[in-house]
Amino acid sequence: MEEINLIGIFVSALLINNILLIRFLGLCPFFGVSGRVKSSLGMSMAVFFVMTTASIVSWMLYHWVLLPLQLEFLRTATFILVIASLVQLEEIFMKKFFPNLYKALGVYLPLVTTNCAILAVAFFNIDYNHSLIQTIIYAWGVATGYTIAIVLFASIRERVALAPVPEALKGYPIAFFIASLMSLSFLGFKGLFGL
Amino acid sequence: MKDRLVVSVSPHIKGKESIFSIMLDVIIALFPALIVSIYLFGWYALMLVLISVVFCVGTEFFSQKLFKKEITINDLSAVVTGILLAFVLPPNAPLWMIAIGAVVSILLGKQVFGGLGHNLFNPALVGRAVLLVSWPIQMTTWVTPFDGVTSASPLNIIKMGLNEPLPSYLNLFLGNRVGCLGETSVLALLIGAGYLLYKKHIKLYTPLSFIGTVAVLSAVLGGNVLFNIMSGGIILGAFFMATDMVTSPLTKKGKVVFGLGCGLLTVLIRFKGGTPEGVCYAILIMNMFVPLIDRYTKPKKFGLISVKER
Amino acid sequence: MVLNSVLILGGIGLFFGLGLAFIGKKLAVKIDPLEENILQVLPGSNCGACGFAGCAGYAVECLKENADIGKCALGGEKVVRQISDILGKEAKIKEDSVAVVFCQGKDGISKDRFVYEGIADCSAANLIAEGNKECIWACLGFGTCMEVCPFGAIRMDEGIPVIDEEKCKGCGICIPACPRELITLIPKRHRVYVLCRSKEKGKKVREMCEKGCIGCGLCVKVCPTGAIQLKDNLAVIEYDKCNNCGKCVEKCPTKSIVLNNSSSSMQFLS
Amino acid sequence: MEKFTFKAGVHLPACKKLTIGEEIKETSIPQQVVIPLSQHIGCPAQSIVSKGEKVKVGQKIGEAQGNVSVPVHSSISGEVVDICPQLHPVSGKKALSVIIKSDGRDEWIEKGKRHEDYFRLSSKEICNIIKEAGIAGLGGAAFPTHIKLSPPKEVDTVILNGVECEPYLSGDEQLMIKHPLEIIEGLKIIMQTVKASWGIVGIEDNKPRAIDLMKKEIAKQPNISLKILKEKYPQGGEKQLIKALLNREVPSGGLPMDVGVLVDNVGTSFAIREAVIRGFPLVSRVVTVTGWGVFSPKNLRVRIGSSISFLIEECGGFSFVPGKVIMGGPMMGITQYNLEVPVVKGTSGILVFGQQEAEKENIRDCIRCSKCIDACPMGLLPCMIALYAQNQDWEKAKEYNLLDCMECGACTYVCPAKRPIVQYVKWAKDKLKC
Amino acid sequence: MIRWNEFTKGIVKENPVLILMLGLCPLLAVSSTAINGLGMGIAAMFVLVGSNIVVSLLRKFIPDGVRIPVFIIIISTFVTVTDYLMAAYYPSLHKNLGVFVPLIVVNCIILGRAEVFAYRNNIFYSVLDGIGMGLGFTVVITIIGMIRELIGNGSIFGFGNFVSYPALIMILPPGGFITIGFLMGILNWYRQKHR
């Protein structure tokens, strides 16, 4: 049963409760860094990376430190601190040891820090009582959903950039309309696999 | 009289085809299905189509005034959207609903992107999806042809496992079944599609890969292949929605991929999803992928292979 | 409880802080000091609203040539000012200049040689048979300069761009947009221009355009400061000598010399 | 008989019936000719006559400058009136030209040496004769022929292009009807020069008479064959013709010789024959004067340098007020606004449209119908190139293989939104140059 | 003289949401009803004012190098307080807002104001700025909530039934994007007209 549960968690995070289009999390960079497909890919790779590590570390911290000490109320402060530091650590390491990788996705790392999607996933893992393995799968599902949404969004925006959008709707308004139509399409996944 | 000659860049002759003529052909192609729907569902069906068309054209006109764009209602593209929108609604849909759907289709589906040619999503399907999400009850009550008794659609019967008789293949083919206004008669739609194929406005790449995928996958998943193809909006969707020029990929390869995706998603939603019908969402979702598909399915340019060979 | 929480938070903070400080020192990668300075000014919240990869990404962008330094929404005007101070951008523009269009060939004044059909863009039109005007120095009037102006300072009037001196910032973006190189930046205090670039002989100019410079030389004679010279059948003003007296304007038989005394610029006249 | 063709392309209304039976007629001697010194691709020729000098027909008046250049010859006898910049029909700009006023006598200078025994000549000697005769490709591109005939790579097949896929034009067809023997002789000279073992004459199936007559001539030759092509545009393009006849694909950015082929126009072949065997320099060419705006459309043998207005007079003048005058065919020709511009070596036709035909069509935004993609013989995405060019993203247009476009106009012809795709392409190419 | 514009700028001229495009996630996610919007706005305002006060008070003592982590700690403290207060007194609202209350901690507005304003101004102006910005956020989110609730549910603040066939889409994710898209379009149009 465990495997089906994991697939369910993954699909739910990926499509049905897509973090960007249905859950409205991590929207600032979604609108900011989606001008070009290339940068959106870099961003989503960074999200993938950080989301996995941050979810694991915060899960461990919560279950192995805060819970035993009955300091659940500290989770907001701890998580954000952990994530911020973690990202910075990763950035430094990557810059030094994997400069090519850093060039591809490292520049987006700081942007991920204050991305509420990361923090939210850490919270969700606690709220949904995920096990550690479920936490990892969930993080991957969310990150993949993030990737799909932002890459599609960027490719659409690249095309709309060539269109004579009415003057008043240029920039953010048209981006919101695109997002709304994408979100509308994603509603089609509602109820998939009975989730 | 002009006393000066005209100077322009070659070519100096142009083909006779225009946006107007293409849209006119699409309208002609939709006529058989329209006539069948009036025959099946009475004059109210015509009323729905008319209201839809009037509101589509009106919205186009006013939004182009509002956005200070050239008024292009005489290219008939709004009329096509109007007819298609009416075709994907239940034959007993309230008039106010279709009016709202028409406004949404044109405004949100098309004009905010800059008008014809720039919309990412099929406007008629945007209208339908918005209506479906907004008023799920009105959008999913169906009536039988001729007598107008409330009934479940064939796909619903399968999905919910209802104990009701399914229409025969002949009835599915001719259109005597419960369903959206214009999607019931496979025969009428195929006649229209044949006309468009003859006029070379659509190509078979998308419809064939769409329907083929649905057939194969529904066979794999244990469904009735013929029934799955002929029920719901597959024929209408494959020949008239997925082949919409603006919102489908440019190249042959891209069109095949697009059809495959539509088929896959349709089956996924029908068999595993929350709603009995998936054509609308499948096409909308694939519309999102069009820019990416275009990006990776550029045709081979002339003389490219030879370089490698030599 | 309180002690515990303080300990935990402090512990985590200390652990990461020290670790970061240590590793940061150890593994430091050099960056541009200018970039560092800009990074200091930026809010540092990495919100991404600028469209770049966080504040560091935007700092790098700011260093590029022609970068838009006004994209940090969070920091607002203050940050823009600080960045521009760091980059010394404002210092570059020495004198208040304004773009001037050197043609007065409105529709009908400058004759057409054919009816052009095609893309409504000057540089595209200029490719075909050297443009639709008889005069190959004339403004084509499709308004490409108007479209590139970021400040909306150019409008088209009967086929000729008119520049709003109040809105014009003297950025010069319109200059390369004109395929006929008719636009030049001129310091605002100079008010007299010969609005023609035609090097044709006088007779030919008269055939082509009502307001072209025919190279008659009357302005050269009347100019009290000797600021005007004829070069290739065209009167050219040496701005350093010109005192904006306007005598040449009165004398010019084709009205190709113009004294611009729009209200905003009167202050420059002595 | 098997009919050949290539993928993509468009079917155009042929419109050839206006001049279909019109045999080639000599014009009268024009009062005055304007002979541009640059009628070919490459360096312009340098004038070797001076104002006031008397010249005779066939006298060299411009010497080739450098290798990629050909001389120009006087096409009438008379006096050099002026040597000054005159409007050039191809570039649309002024270019140095020699103006000659006719003395009405039409006296030839002593003709060059006749070489009926051309098979004894070396390739180099033939090339030299061709160069001295001032021959540049008569198909339209006007590339110096002697350079084409001394390729650095091995050529096994020579294709003679008798396709004439442009609507309205029928000059090549009439030339084939009138001079089949001479054209084949020209082909044999070319084959000998480039040492090709095989010759092919390609003709579209809409020219039955030309096919019949050419077939008779070709039957006598062992290593020359006639291949018939289906009517389609732009089949006369070198690359398309090679693909259709030999199924060889010229690499992108390459030349026909890269696949061992040389393509020449039937008109060029005829001119080569005249130069080598009879010693005539290139002083006249066949021009189709046609269109509804011409009173009686004709195929004329025209002295190079005659003005358009002179040709139209020869055809009985305009039938109504003209709207557009095109030099060349309707698909790739160049519109002219001044009817005093001269016929040059690359001029294949003069086409006159009435004002109705010249009327502007409403340009709309691309509706992504992909008809241009189906039509493009080069396998490009014309709509995307035009879209990026419209948004002035030149680099992106280049990524979409802008530079492979040969501006045949097939995309623009089929476009239902009436977008000027070719103009966008030209614009983008120009922007990328600088 | 008191610079009142420090107060008013946040509501109109530098409205954090509509002009600066910050804090989009909660704006979309919890604006499905007017009450939710108002609750979220007040919660954010509380955190904003609180953190502004503390940052302003401590601005002389915080070393420049570690200011961002310190801000985060301060903000997360207020967020935790808000979270628990809300859970205690308005449990249903707390349930509706869900994870978005703790996520206030990564809301760019709050960190941004701390950095850009409170860290450089005295406590009085910091309070004014906090209230102004908070009001700007609250007003916009409440208005969006009202629009979405009215069209999507037919009621305002949970009262009445003004629309006979409410369009459900407005309280679903696409409706959020559409509403903001239209609002910003209108705003853009207004600004272009009055420039």
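Just so it is clear, the model here is predicted, and its values are computed rather than measured.

Quick look at the overall build of chain D now. The helix and strand inventory of chain D stands at 13 helices and 18 strands. The principal-axis extents of the C-alpha atoms in chain D amount to approximately 60 × 50 × 45 Å. Here the contacts in chain D between residues at least 6 apart in sequence split such that 73% fall between residues at least 24 apart. Put simply, chain D shows about 16,300 Å² of open surface, and 52% of that area lies on carbon and sulfur atoms. Where the 55 positive side-chain charges of chain D centre and where its 48 negative ones centre are 2 Å apart.

The next point concerns the packing of aromatic side chains. Residues and elements named next belong to chain A. Tallying each qualifying case throughout the model produces 26 aromatic pairs over all chains. Judged by centre distance (4.3 Å) and plane angle (20°), the rings of phenylalanine 30 and phenylalanine 153 are stacked. A residue pair is termed long-range when its members are at least 10 positions apart, and phenylalanine 30 in helix α2 (residues 27–32) and phenylalanine 153 in helix α8 (residues 132–160) qualify at 123 residues. On the basis of relative accessible area, phenylalanine 30 is assigned to the buried category, the value being 0%.

Attention now moves to the domain arrangement of chain D. Residues and elements named next belong to chain D. Its domain assignment divides chain D into domain 1 (3–11 + 113–278) and domain 2 (371–433). The interface formed by domain 1 and domain 2 contains zero salt bridges. At the boundary of domain 1 with domain 2, the tally comes to four residue pairs in polar contact (both at pLDDT 80 or more).

Detailed reading of the predicted coordinates is not advisable wherever pLDDT falls low. Confidence in the prediction for chain D averages 89 pLDDT; 100% of positions are at 70 or higher. Scored by ipTM, the complex comes to 0.87, with pTM at 0.88.

Turning to the pattern of salt bridges, a few remarks are in order. All names here are of chain C. This model, assessed by the stated rule, comprises 38 salt bridges over all chains. We note a salt bridge from aspartate 157 to lysine 106, for which the minimum N-O separation is 3.6 Å. Of the two residues, aspartate 157 sits in strand β3 (residues 154–157) while lysine 106 sits in the loop between β1 (97–101) and β2 (115–117), which places them 51 residues apart along the sequence. Under the relative-accessibility criterion, aspartate 157 is labelled partly exposed at 25%. A salt bridge links lysine 241 to glutamate 238; its shortest N-O distance comes to 3.9 Å. Exposure remark for lysine 241: the relative accessible area of 40% places this residue in the partly exposed category.

What counts, and where the lines are drawn
- Residues numbered from 1 in each chain as written.
- Chains lettered and ligands numbered in written order.
- Predicted model: local features only at pLDDT ≥ 70, side-chain atom pairs only at ≥ 80, totals over all residues.
- Heavy atoms only, no water.
- Helix = DSSP H or I, 4+ residues; strand = E, 2+ residues; numbered from the N terminus.
- Contact = heavy atoms within 4.5 Å.
- Areas by Shrake-Rupley, 256 points an atom, 1.4 Å probe, with all protein chains shown as cover.
- Lys, Arg positive; Asp, Glu negative; His and termini not counted.
- Charge placed at Lys NZ, Arg CZ, Asp CG, Glu CD.
- Phe/Tyr/Trp six-rings, centres within 6.5 Å; stacked < 30°, edge-to-face > 60°.
- Buried < 20%, exposed > 50% of the residue type's maximum accessible area, 1.4 Å probe, protein only.
- Domains from an automatic or database assignment.
- Salt bridge = Lys/Arg side-chain N within 4 Å of Asp/Glu carboxyl O.
- Polar contact = N/O pair within 3.5 Å; in protein donor to acceptor, adjacent residues only side chain to side chain.
- pLDDT = per-residue confidence, 0-100.

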